[in-house]
Amino acid sequence: MEQTRTIAVDVAIGVSLCALFGVEVLLNLPISELHWAVAALFALLAAASALSRRLPLVSFLLACAGLAYLILAGVGSLSFPIAAALMSYLLGRRSAGVRPSVYAFTALAAAGLGYTILMGVVRGRLDAQLMQWLWMVFGLVVMAVFPWFAGRFVRQRAELQRAGWQRAEQLEREQRIIAERERLRERARIAQDMHDSLGHELALIVLRAGGLEVDRSLGERHRQAAGELRMTAGQASETLRTIIGLLGEPGTLAPLRPTSDSVADMVERAKTSGMSVDLDSPPDANGAVGLAVRRVVQEGLTNAAKYAPGAQVTVRVEREGNVTSVSVVNGPASRPAEGEAGTQRGLIALRERALLMGGTFTAGPEEGGYAVRVQLPHDATLALEPIETTESVREHVRRSARRGLIVAISVPAAIAFGLAVLMFGYYAYSVTHSVLARADYDRLWIGQPADEVEAALPEMQMLDAPSLPNPPNAGCKYYLAEPTMFDFHSTVLRVCFDADRLVAKDVVRERHR
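Residues numbered from 1 in each chain as written. Predicted model: local features only at pLDDT ≥ 70, side-chain atom pairs only at ≥ 80, totals over all residues. Heavy atoms only, no water.

Asks: Before we move on, can you summarise the packing of aromatic side chains with the specific residues and values?
Replies: Enumeration according to the criterion identifies 5 aromatic pairs in this entry. Between Phe21 and Phe42, the aromatic rings sit 4.9 Å apart at their centres with planes inclined by 75 degrees, giving edge-to-face as the arrangement. Highlighted residues: Phe21 in helix H1 (residues 2-27) and Phe42 in helix H3 (residues 36-50), separated in sequence by 21 residues. Note on Phe21: relative accessible area 0%, which makes it buried. Judged by relative accessible area, Phe42 falls into the partly exposed class, the value being 26%. Between Trp148 and Phe149, the aromatic rings sit 5.1 Å apart at their centres with planes inclined by 85 degrees, giving edge-to-face as the arrangement. Comparing Trp148 with Phe149, the two get one shared label, buried. Three or more aromatic residues link up through ring pairs in this structure, and these residues are Phe60, Phe105, Trp148 and Phe149. The ring of Tyr441 has Lys505 lying over it, and the distance from NZ or CZ to the ring centre is 4.3 Å. (Phe/Tyr/Trp six-rings, centres within 6.5 Å; stacked < 30°, edge-to-face > 60°. Helix = DSSP H or I, 4+ residues; strand = E, 2+ residues; numbered from the N terminus. Buried < 20%, exposed > 50% of the residue type's maximum accessible area, 1.4 Å probe, protein only. Lys NZ or Arg CZ within 6 Å of the ring centre and 35° of its normal.)

Put into structure tokens, the structure is as follows:
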């Protein structure tokens, strides 16, 4: 279906251009008098239309070749300028690269310049031929560069729209992946919070049960029950660690009840459980910093209870300037620790939290014990990077399309304006430097030596000189009698020479175009 439509469009273009040219042939005698060239021009239009999709550059050059032939033949035509503009538009619309088109435009301008220089040398009027070349370049900009930019803009807008929709679809897929990733991260966070909360509670249970086990004031049966309780709590802690390791797998949801105890509450509970803890802390702060401080204290007390039983623990929270510092330091253990070394999951989580909040984290052995120290800025937050949305992609596509439209209009308009300024400036210069004062003209006399006449003439001839037959064996030059810019009926003076002498001088009252 799509192929049929493209073929129909190409056929419609070719038929329309050939029909328009056929009407011109029937109504315009100069075109019909070209005889054999008419068939060739019809063939050029048909070939340009047929190749406009597969070889758009070739079709554009064919249309330009036909237009150039008609211009050189002095025959006016509407169909070939339309064909050249249309093929230039299709060149911009259907060509992926830019360089071939730029090379083609440059080659056309260079070919016109070469022809201009050649004709200037043959006719002896290089200045007039250069003006004709500037007009040719101006026409090239209007009939080729402008349509090419328009086609280029349409192509880029279509590509941007396709890319935008593809990007939007990709974003939807990425957002689903991100949502799944965030769900897994949330499960991991729940696991970490369970480790921090329940692990802390179980560590205190183990610590208190250990104290009851060695209490001589209790009976043997009670001490034995306390020992069993300590072993059961330790096994529960290990089971919890195993379950948390599997929590990241999809399929189940874990309950979460985050601790809301203050730092003082946690220290008091640790003391009640038999730990020796010193606290130096102001009232708890709110927000992300306060939560991070409580996590640090909780993790530090939990590690001290599990891996340094009986050790002296110091908890200190300080606020200086814009930084909150928290440290949990325990001394050497007074008795062997129960169980094996942990995975340091809690410390890893604390480190990541501190770094994300723009703070610092240190943890390691210190004077026979262990120290955890964290510094956090008061304005710390846990911010997420903005996620690009489908709507933002569409807005980007719209902005890019607007920029492309501005370029498609402004660039050829600037070129055309620059050429117009250049041509007007050159024309003004030629008018002011091609004026032969009437008094100087009147002093010239027939038979005067050519050298003397040349000395009295301006440095330039007028650009748009009339076409009049020259005297036999003589050449003529044309000058303005007054510096008028746009008066096409001003007086024109003509002087004619043979090899050595002035042979004729005339006053042309009206310009013939």
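Asks: Can you explain the environment of Ala474? Please cite residues and give values.
Replies: If you trace the backbone, Ala474 turns up in the loop between helix H14 (450-456) and strand S6 (475-480). Overall, Ala474 belongs to the buried group, its relative accessible area being 16%. Considering only alpha carbons, one finds Ala474 and Ala499, 25 residues apart in sequence, at a separation of 7.5 Å. Ala474 has contacts with Phe497, Asp498 and Val503, leaving out every residue within four places of it along the chain. (Contact = heavy atoms within 4.5 Å.)

Asks: Describe the sheet that holds S6, and please don't skip the residues or the numbers.
Replies: Strand order in the open sheet formed by 3 strands is S6-S7-S8, with antiparallel pairing between adjacent strands. Sheet topology places S6 and strand S8 (502-508) at the edges, where each strand pairs with a single neighbour. Strand-to-strand, the axes of this sheet are offset by a mean angle of 20 degrees, without reference to chain direction. Looking at chain direction, strand S7 (residues 492-497) and S8 are connected through 6 bridges and run antiparallel. When the sheet's bridge partners are listed, Val495 is paired in S8 with Lys505. (Pairing = 2+ DSSP bridges. Axes fitted to C-alpha atoms, helices over the stretch in contact; angles between N-to-C directions.)

Asks: Requested: an account of unusual backbone geometry, with residues and values cited.
Replies: Non-glycine residue Glu367 carries a positive phi angle of around 55 degrees. Here Glu367 falls in the exposed class, since its relative accessible area comes to 75%. You will see that Asn473, though not glycine, has its phi angle at about 60 degrees, which is positive. Tracing the sequence through the fold places Asn473 in the loop between H14 and S6.

Asks: Pulling in residues and values, what's your account of the nonpolar core?
Replies: Phe21, Leu45, Phe60, Phe80 and Met87 are the most contacted members of the largest nonpolar core, which has 47 residues in total. When residues in this core are grouped by element, the largest group, 10 residues, is from helix H7 (residues 126-213). Those residues within four positions of Leu45 in sequence are excluded, and the remaining contacts are Leu17, Cys18, Phe21, Phe80 and Ala83. Counting residues in each nonpolar core, the second largest holds 27 residues, with Met275, Val289, Ala305 and Ala354 among its members. (Core = buried A, V, L, I, M, F, W, Y, C linked by side-chain atoms within 4.5 Å.)

Asks: I'd love a proper account of the pattern of salt bridges, names of residues and values included.
Replies: This model, assessed by the stated rule, comprises 6 salt bridges. A salt bridge links Asp442 to Arg438; the nearest nitrogen and oxygen atoms lie 3.7 Å apart. With a gap of 4 residues between them, Asp442 and Arg438 both fall in helix H13 (residues 438-443), about one helical turn apart. Judged by relative accessible area, Arg438 falls into the partly exposed class, the value being 35%. For Arg443, the salt bridge goes to Asp440, with nearest N and O atoms at 2.1 Å. (Salt bridge = Lys/Arg side-chain N within 4 Å of Asp/Glu carboxyl O.)

Asks: So what's going on with the side chain of Gln461? Residues and values would help.
Replies: With respect to the secondary-structure elements, Gln461 resides in the loop between H14 and S6. Within the structure, Gln461 has its side chain in polar contact with the backbone nitrogen of Tyr478 (distance 3.3 Å). (Polar contact = N/O pair within 3.5 Å; in protein donor to acceptor, adjacent residues only side chain to side chain.)

Asks: Report on the packing of H3 against helix H4 (residues 56-72), specifying residues and quantitative values.
Replies: Two numbers describe how H3 lies on H4: the axes approach to 8 Å, and their chain directions differ by 155 degrees. Relative to H4, the element H3 lies roughly antiparallel. Seen from above, H3 lies across H4 with left-handed handedness. Mapping the contact onto sequence places Ala37, Leu41, Leu44, Ala47 and Ala48 in H3 and Ser59, Leu62, Gly66, Tyr69 and Leu70 in H4. Class assignment of the residues belonging to the contact of H3 with H4 gives a composition of 8 nonpolar, 2 polar and no charged. (Parallel < 35°, antiparallel > 145°, perpendicular 65-115°, else oblique. Left-handed = near helix turned anticlockwise from the far one by under 90°. Nonpolar A, V, L, I, M, F, W, Y, C, P; charged D, E, K, R; others polar.)

Asks: Summarise the sheet that holds strand S5 (residues 369-377); cite the residues concerned and give the values.
Replies: Spatial strand order, S1-S2-S3-S5-S4: 5 strands in an open sheet with mixed pairing. Each end of this open sheet is capped by a strand with a single partner; those strands are strand S1 (276-280) and strand S4 (360-366). Across the sheet, the axes of successive neighbouring strands diverge by a mean angle of 10 degrees, strand direction being ignored. When S4 meets S5, the two strands line up antiparallel, connected through 7 bridges.

Asks: Quick rundown of a nonpolar patch on the surface? Include the residues and the values.
Replies: A cluster of nonpolar residues, Ile117, Val121, Leu126 and Leu130, forms a patch on the protein surface that exposes about 330 Å² of accessible area. For Leu130, the location among the structural elements is in helix H7. (Patch = residues over 30% accessible without salt bridge, like charges linked within 9 Å, V, L, I, M, F, W, Y side chains within 5 Å. Areas by Shrake-Rupley, 256 points an atom, 1.4 Å probe, with all protein chains shown as cover.)

Treat this as a map of the structure, not an account of what it does.
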